[in-house]
Amino acid sequence: MIRKAVAGDAAALADLAAATFPLACPPGSSTEDIRLHLKRTLSEDKFAEYLADSKIAILVLEQGGGRLDGYTLLVDRQSTDPDVLRALDGRRSVELSKCYVRPDHHGRGAASALMRASLDWAAGQGAASVWLGVNSQNAKAIRFYEKSGFTNVGTKSFTLGDSVESDFILEMTLPAKG
């Protein structure tokens, strides 16, 4: 089942992020940089802030027993990153900021189902496209996003703890409504 996350999901989302975020980090990322990133952006308190923000939606994959097995975080506001702004060429776009599923759900359609629900949510907000940043060394994620219909439109920097990484900016144009 995919549903919109609620305030009571903050702790479970932080636990899920701690289990899934390290899988997307570039080879050689330090444990300390990953720990700092989790603390700064994926803690229970940060998820509570995200869930209280009317411009952010978190969709969760909940399987039997109430365990969260995946999530996406969508941001419906214009990016302030100049590289992203340049790449998107002024189109109204929703950011797919996070897209993670537990490793035991990889290859089972969970990420694709979350992606479809996320794209539907963005279209419902009136966005012309959805964009995301993905580490340039994360070949598995890049393949998934390309298979989902995203194309590379630029590059940007991403801060992981105290390190700066290189990300590709991928975008998908959404079908026009009406």
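Before reading further, recall that the structure is shown in the block above.
Every value quoted in this text rests on a predicted model; they were computed, and no experiment measured them.

What about the layout of surface pockets?
What the second largest pocket holds in volume is close to 180 Å³. Lining the second largest pocket, in full, are Asp-76, Arg-77, Gln-78, Ser-79, Val-84, Leu-85, Leu-88, Gly-90, Arg-91, Arg-92, Ser-93 and Trp-131. The greatest single-element share of the lining of the second largest pocket, amounting to three residues, is contributed by helix α4 (residues 82-88). Its residues placed into classes, the lining of the second largest pocket shows four nonpolar, four polar and four charged.

Topic: the packing of helix α1 (residues 10-20) against helix α3 (residues 44-52)
It is the contact of α1 with α3, at a shortest axis distance of 8 Å, that shows an interaxial angle of 120 degrees. As summarised for this structure, α1 and α3 are arranged oblique, according to the angle between their axes. Along this stretch, α1 crosses α3, giving a crossing that reads as right-handed. Between α1, through Ala-10, Ala-11, Leu-13, Ala-14 and Ala-17, and α3, the contact on the second element is made entirely by Glu-44, Phe-47, Ala-48 and Leu-51. Partitioning the contact of α1 with α3 into residue classes produces eight nonpolar, no polar and one charged.

Regarding the packing of aromatic side chains
The tally for this structure, following the rule as stated, stands at six aromatic pairs. When the ring of Phe-47 is compared with that of Tyr-71, the centres are 5.7 Å apart and the planes differ by 80 degrees; the resulting orientation is edge-to-face. In this pair, Phe-47 sits in helix α3 while Tyr-71 sits in strand β3 (residues 68-75), placing the two residues 24 residues apart along the sequence. Considering the side-chain rings of Tyr-71 and Tyr-100, the 5.8 Å spacing of their centres and the 40 degrees angle between planes classify their relative orientation as tilted. Of this pair, Tyr-71 sits in strand β3 while Tyr-100 sits in strand β4 (residues 93-101); the two residues are 29 residues apart in sequence, bridging distant segments of the chain.

Considerations on the pairing of strand β7 (residues 163-173)
Here strand β5 (residues 129-135) runs beside β7; their pairing, made up of seven bridges, is antiparallel. By the bridge assignment for β7, Leu-132 is matched with Leu-170. Pairing of strand β6 (residues 151-160) with β7 involves nine bridges; the strand directions are antiparallel. When the sheet's bridge partners are listed, Ser-157 is paired in β7 with Ser-166. Connecting β6 to the antiparallel partner β7 that follows it, the hairpin turn spans two residues, and Gly-161 within it adopts a positive phi of roughly 65 degrees.

Reading guide: rules and limits
Residues numbered from 1 in each chain as written. Predicted model: local features only at pLDDT ≥ 70, side-chain atom pairs only at ≥ 80, totals over all residues. Heavy atoms only, no water. 1 Å grid on protein atoms, 1.4 Å probe; cavity = no way out; pocket = protein on both sides within 12 Å on 5 of 7 lines; lining within 4 Å. Points joined across faces, edges and corners; volume = space filled by probe spheres on them. Helix = DSSP H or I, 4+ residues; strand = E, 2+ residues; numbered from the N terminus. Nonpolar A, V, L, I, M, F, W, Y, C, P; charged D, E, K, R; others polar. Axes fitted to C-alpha atoms, helices over the stretch in contact; angles between N-to-C directions. Parallel < 35°, antiparallel > 145°, perpendicular 65-115°, else oblique. Left-handed = near helix turned anticlockwise from the far one by under 90°. Contact = heavy atoms within 4.5 Å. Phe/Tyr/Trp six-rings, centres within 6.5 Å; stacked < 30°, edge-to-face > 60°. Pairing = 2+ DSSP bridges.

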